[in-house]
Amino acid sequence: MNESLCPDSFLLAVNVLSITLSLPMVVVFILLCILLVIHSKTFHPFFTLSFILLIFSYAVCNLCVLLTAIFQLYDENSPVIFYIDKLYLWVYMYIQPCVVIGLIERLCATIFVSSYENSRYWIIYIIGQALGIGVVYYENVLVENGDYNDTAKNVQFGLSICICICLVVLFFVNRHLTYNSRHKSTLTVRYQLAENVKALRTFVPFVVVDNCISILFVLSMFFFEVDFNINLKVCRNLPGYTITFTIFRTILLLTQLFMPLLVVKQHSSIWNQVKSQLARRQPTVRQSIDADQNNKVFKINNVLGMDIAGTNIDYFTQLKVQWLT
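Small disclaimer: the values here were computed from a predicted structure and weren't measured. (Residues numbered from 1 in each chain as written. Predicted model: local features only at pLDDT ≥ 70, side-chain atom pairs only at ≥ 80, totals over all residues. Heavy atoms only, no water.)

*Asks:* Tell me about the state of the cysteines, residues and numbers included.
*Replies:* If you walk through the whole model with that rule in mind, you get zero disulfides. Just so you know, Cys 61 is unpaired, no disulfide at all, and the nearest cysteine sulfur is the one on Cys 64, 6.3 Å from it. Cys 61 sits in the buried class, given a relative accessible area of 7%. (Disulfide = S-S within 2.5 Å. Buried < 20%, exposed > 50% of the residue type's maximum accessible area, 1.4 Å probe, protein only.)

*Asks:* Describe in detail the UniProt feature "transmembrane region" (unreviewed entry) in the chain, supporting the description with residues and values.
*Replies:* Listed under "transmembrane region" (unreviewed entry) in the UniProt record, and renumbered for this structure, are residues 12-38, 50-74, 94-114, 121-138, 158-178, 199-223 and 243-264. Between the C-alpha atoms that bound residues 94-114 the distance is 31 Å, and the span itself is 86% helix and 0% strand. A distance of 36 Å separates the end C-alpha atoms of residues 199-223, which is 100% helix and 0% strand. (UniProt positions renumbered as here; feature names shortened; annotations may be inferred. Helix = DSSP H or I, 4+ residues; strand = E, 2+ residues; numbered from the N terminus.)

*Asks:* Give a detailed account of the nonpolar core, specifying residues and quantitative values.
*Replies:* In terms of nonpolar packing, the biggest core is built from 63 residues, with Phe 10, Phe 51, Leu 54, Ile 55, Tyr 58, Leu 103 and Phe 206 touching the most fellow members. Breaking this core down by element, the ones donating at least two residues are α1 (8-38), α2 (45-74), α3 (79-111), α5 (148-181), α6 (187-224), α7 (232-235) and α8 (241-266). Residues in contact with Phe 10, not counting those within four places in the same chain, are Ile 230, Cys 235, Thr 242, Phe 245 and Thr 246. Of all hydrophobic cores here, the second largest spans five residues; its members include Phe 46, Ile 101, Ala 109 and Tyr 125. (Core = buried A, V, L, I, M, F, W, Y, C linked by side-chain atoms within 4.5 Å. Contact = heavy atoms within 4.5 Å.)

*Asks:* Hey, could you go over a nonpolar patch on the surface for me, with residue numbers and the actual values?
*Replies:* Among the surface-exposed residues, Leu 12, Val 16, Leu 63, Leu 67, Ile 70, Phe 71, Leu 73, Tyr 74 and Val 80 lie close enough to one another that they form a single nonpolar patch of about 770 Å² accessible area. Among the secondary structure elements, those contributing two or more residues to the nonpolar patch are α1 and α2. Counting residues per element, the nonpolar patch draws most heavily on α2, at six residues. (Patch = residues over 30% accessible without salt bridge, like charges linked within 9 Å, V, L, I, M, F, W, Y side chains within 5 Å. Areas by Shrake-Rupley, 256 points an atom, 1.4 Å probe, with all protein chains shown as cover. Salt bridge = Lys/Arg side-chain N within 4 Å of Asp/Glu carboxyl O.)

So, in structure tokens, the structure goes:
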């Protein structure tokens, strides 16, 4: 074991970096959870709950990184670090199953678009969460048996592939329903489809970034033996570990900083509130109103940029048809 490969100055720098970046992220992710709870009526409760659990998991993971860095400043062999790492591993491994559950929920919302709005099958949702926790338990058993680098990483790769497949399926199903619902579906179907699209806009960018991070660290573990947390034993035996770990830790922390911003920007209800708050702090500028304002076409575009809500005229035509039938 070579102490010079992993000097105390490096450990101090890593801990300071982790504390500096993790602390604001814990606050930001918790605030985002609060915002999602406040705006919980925006989307279906299954989607909202899945998203809140995902965001909260990120907050807990960052809190674990923060606490680990603080304890390592005083005693790198503190027994508390062991339990923090266990919590971190459980919560981190739950993130991917949580994403899969969220994507499957959105897939069901898209397929059963005509009836999903009022569906509340909590038993099925709870079973799905239980299966996700079962996957986490299985991965942790593999870790305790020393198979983490092989089987457990393959499980993570498998979940990443599953997530990608779900995204592709959602893309094509959404496009198909969009083509077949324009100007002819009932208002209920069009409303639910519009909600699905807005939910996808909020969820998909976050999922894509999260999935990229997961794949990145699976590859880093395979090729560089670098994981989310520093491994002191590897650090003191593997030349170049300090550089690669610093690079990957910085990428992880900086990338996570943009994830809450993506959610706020894509979440229509939260973003409208943010814009209204910003508008109150700026002087009001009176602008001329175009003469054709009353005939302005309002659109709700899906992730393909296609109009699914139709024009105002379409809306009143559809309403008139329903009154007459």
